[in-house]
Structures are given as structure tokens and as C-alpha cells.
Amino acid sequence: MSFVNKEGQSVPQVTFHTRQGDEWVDITTDELFKGKTVVLFALPGAFTPTCSSTHLPRYNELAPVFAENGVDEIICLSVNDTFVMNAWLADQEAENITVIPDGNGEFSDGMGLLVDKDDLGFGKRSWRYSMLVKDGVIEKMFIEPQKPGDPFEVSDADTMLEYLNPQAKAPSSISIITKPGCPFCARAKQMLLDKGLRYEEVILGTDATSVSLKAISGRSTVPQVFIDGQHIGGSEELEAHLNK
């Protein structure tokens, strides 16, 4: 079979059966797409390696940049049931992503991208792809090439962001090691916030110990700030870095 690019067509009309808390909630295609700009990426399965290590995390990381460029919602779709999708979302801590269970494969089939994964014991699953949908109409699709296995070359978040806005700048990856009650840590975090820089915080005593602090930074004091793989140092060094 060959995949058909459906740019310019409406998305399939499907009702998705989701579980929210203790209630079953049906969500229609119109509820997801009508009157909105949506990025959807589809993948073969929750908890599978590429999906968990790269595909979903990067969309989650870049979600604020997508929002700045007019995207109302980012949807991850897979041919899994809602319980699996919800468990995967909780495991991934992907707070910026809406997961949709295409449990019966109806949406994927309507897209012409439902494929047999019998060799892996998966049954029928979605081929990996991404698309930009405006008011229910597909504007752009990035379909992975038909190769053996699970290619991951064009449906990534950075490719979609490049299409949306070639000038869009992906945020720096910033990590800061802190400990509770540290005034220098509070100052460093505030400096980052004042510059509009998002960061991930590693808290000693909760996320790691002084052993990791010394192993990673070679120092025993906090905070220790890292930006795009570069060790910046403490709060004074961060201030110098931000103001140079």
C-alpha cells in the first residue's frame, strides 16, 4: 500500500471514547479541531521506545513555542485504549499534550495510515506522522517514509515548528540544581524568570543528593546552572552569563 497525503481535506469524523477520572467521556472530531489550530502527531504505541524517549517529550518541550506561533492544542494520537494512553501521559509528565485514544483505529483508518504490525504482536496500529490542522482542515502533513521498522525522520516537533515559522527559536535547555531554603538558588531562578527563560529544577534531597551535585558539576555548592550542555556555575556566574 502507499500512503496518500490528505492536505486540503477534512479530518475523519470520529468519536473517541476517553476516560476522565471515573467517568467515560466521548470526544468528537469537531470538539478537537473545529475553530482551532491544532498540531497532531500519531505514533505506533504508547510506552514504545522512540515515542517515549523522543517524539512526545520534544513536542511537550516545544509546546510554549508552538503556542506563541498560533497553535491552540497539541494532540498525540495512538491506537491504544484510553487507560493505556492516560497511564502513559502520567508516566511521561507531558502536561502540555492532549492524548487521544484511537482504540478502534477508526481515525487512523480514515487517514489511510492504519498499518499491520502483526510481526511485533501489535495488530493494527497507526503509521507515524504529524499534521497541522486548521478548523478541521489538514494544511500540512509529514508522513514518515515507508521503510521497514519504525522510521522517525520528519514527524518530529522541530520539523513542524520549522514549517510553522522558520524564524521560531527553540528554547535553551536549562537545568538548575538547588536545595530548599537557599537564597542564592532563589536569586538564580528569579534571574532566569526575569529573562523569560524556562528551566528544569533538580532539588537536592528530593531528586538527587550531593553525590550527583559533585559528580555532575564538580562542586559542592548550590545553585549550579547548566545551559545547553554548558556548565555556567552559581548565581554570580549566571548573572555574568546573562548580562554579557
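Preceding this paragraph is the structure being described.
Just so it is clear, the model here is predicted, and its values are computed rather than measured. (Residues numbered from 1 in each chain as written. Predicted model: local features only at pLDDT ≥ 70, side-chain atom pairs only at ≥ 80, totals over all residues. Heavy atoms only, no water.)

### Topic: the overall build of the protein
The following threshold applies: A run of H or I in DSSP counts as a helix once it spans at least four residues, and a run of E counts as a strand once it spans at least two, with each numbered from the N terminus. Throughout, a residue-residue contact means that at least one pair of heavy atoms, one from each residue, lies within 4.5 Å. Shrake-Rupley sampling with a 1.4 Å probe provides the accessible areas, and residues are treated as covered by the protein chains on show and by no other component. Charge assignment in this entry is limited to Lys and Arg as positive and Asp and Glu as negative, and neither His nor the chain termini are counted. Charged groups are reduced to one reference atom each: NZ for lysine, CZ for arginine, CG for aspartic acid, CD for glutamic acid.
Within the protein, the regular secondary structure consists of 8 helices and 13 strands. The principal-axis extent of the C-alpha atoms belonging to the protein is close to 60 × 40 × 35 Å. Contacts spanning at least 24 positions in sequence make up 61% of the contacts within the protein whose residues lie at least 6 apart. Accessible surface, the protein: about 12300 Å² in total, of which carbon and sulfur atoms supply 49%. Taking the average location of the 21 positive side-chain charges in the protein and that of its 36 negative ones, the two points are 6 Å from each other.

### Focus: the pattern of salt bridges
Selection criterion: A carboxyl oxygen of Asp or Glu within 4 Å of a side-chain nitrogen of Lys or Arg is what we treat as a salt bridge.
Under the defined criterion, the tally for this structure stands at 11 salt bridges. A salt bridge links Glu201 to Lys189, with the nearest nitrogen and oxygen atoms 3.0 Å apart. Separated by 12 residues along the polypeptide, Glu201 in strand β11 (residues 200-203) and Lys189 in helix α6 (residues 183-194) bring together distant segments of the chain. By sharing partners, the salt bridges in this structure join Arg58, Glu61 and Asp158 into a single network.

### Digging into unusual backbone geometry
Residue Pro223 follows Val222 across a cis peptide bond; omega there is 0 degrees. The backbone of Asp135 shows a phi angle near 50 degrees, a positive value even though the residue is not glycine. When you line up the elements, Asp135 lands in the loop between β8 (129-134) and β9 (137-143). For Asp228, which is not glycine, the phi dihedral falls at a positive 50 degrees. When you line up the elements, Asp228 lands in the loop between β12 (224-227) and β13 (230-233).

### As for the packing of aromatic side chains
Pairs of aromatic rings are described using the distance from one ring centre to the other and the angle between the two planes. Selection rule: The aromatic pairing rule takes the rings of Phe, Tyr and Trp, using the six-membered ring of Trp, and pairs them if the centres are within 6.5 Å, calling planes under 30 degrees apart stacked, those over 60 edge-to-face and the rest tilted.
A complete count under the given rule lists 7 aromatic pairs for this structure. Every member of this aromatic cluster is reached through a ring pair, and the members are Phe16, Phe33 and Phe107.

### As for the sheet that holds β13
Where we set the bar: Only strands joined by at least two bridges in the DSSP assignment are considered to pair. Helix axes are fitted to C-alpha atoms over the stretch in contact, other axes to C-alpha atoms as well, and angles between N-to-C directions run from 0 to 180 degrees.
Sheet architecture is open: 4 strands sit in the order β11-β10-β12-β13, paired in mixed fashion. At either margin of the open sheet sits one strand with a lone partner, and together these are β11 and β13. Across the sheet, the axes of successive neighbouring strands diverge by a mean angle of 25 degrees, strand direction being ignored. Pairing between strand β10 (residues 174-178) and β12: 4 bridges, direction antiparallel. Across the sheet, residue Ile174 finds its bridge partner in β12, namely Ile227. Across the sheet, α6 touches β10 and β11, and the angle it forms with β10 is around 165 degrees. Sheet contacts for helix α7 (residues 210-217): β10, β12 and β13; angle to β12, the most-contacted strand, approximately 50 degrees.

### Examining the environment of Ala46
Its place among the elements puts Ala46 in the loop between β3 (37-43) and α2 (49-68). Separated by 125 residues in sequence, Ala46 and Pro171 have C-alpha atoms that sit 26 Å apart. With residues near it in sequence (within four places) discarded, Ala46 still touches Ser78, Asn80, Val84, Met85 and Trp88.

### Some remarks on helix α5 (residues 157-164)
Rule in force here: Here the term buried applies to any residue with accessible area under 20% of the maximum for its type, exposed to any over 50%, and partly exposed to those in between, with areas from a 1.4 Å probe on protein chains only. Starting at the helix axis, one direction is taken to each C-beta atom, and the arc is that of these directions. Counting of polar contacts relies on pairs of N or O atoms within 3.5 Å, with two restrictions inside protein: one atom must be capable of donating a hydrogen and the other of accepting it, and residues adjacent in sequence are counted only when both atoms are side-chain atoms.
Those residues of α5 lying buried are Ala157, Met160 and Leu161. For α5, the angular spread of the buried residues around the axis is 100 degrees, confining them to a single face. Where α5 starts, the residue carrying a side-chain oxygen 3.3 Å from the main-chain nitrogen of Asp158 turns out to be Asp156.

### Some thoughts on a negative patch on the surface
Test applied: The patch calculation keeps residues exceeding 30% relative accessible area without a salt bridge and links them within 9 Å when they carry like charges or within 5 Å when they are nonpolar (Val, Leu, Ile, Met, Phe, Trp, Tyr).
A cluster of like negative charges, contributed by Asp91, Glu93, Glu95, Glu200 and Asp207, occupies part of the molecular surface. Along the chain, Glu95 falls in the loop between α3 (82-92) and β5 (98-101). For Glu95, a relative accessible area of 61% corresponds to the exposed category.

### Thoughts on the packing of α6 against helix α8 (residues 235-242)
For the record, the criterion: Reported orientations rely on four angle classes, namely roughly parallel under 35 degrees, roughly antiparallel over 145, roughly perpendicular from 65 to 115, and oblique for the rest. Each crossing gets its hand from how the near helix is turned against the far one by less than a right angle, where anticlockwise is left-handed and clockwise is right-handed. We call Asp, Glu, Lys and Arg charged. Ala, Val, Leu, Ile, Met, Phe, Trp, Tyr, Cys and Pro are nonpolar, and the rest, Gly among them, are polar.
Taken N-terminus to C-terminus, the directions of α6 and α8 make an angle of 15 degrees; their axes are 9 Å apart at the nearest point. Between α6 and α8, the crossing angle belongs to the class labelled roughly parallel. Helix-helix and strand crossings are classified by hand; for α6 and α8 the assignment is left-handed. From α6, Phe184, Arg187, Ala188, Met191 and Leu192 reach across to α8, where they touch Ser235, Glu236, Leu238, Glu239 and Leu242. Its residues assigned to classes, the contact of α6 with α8 comprises 6 nonpolar, 1 polar and 3 charged.

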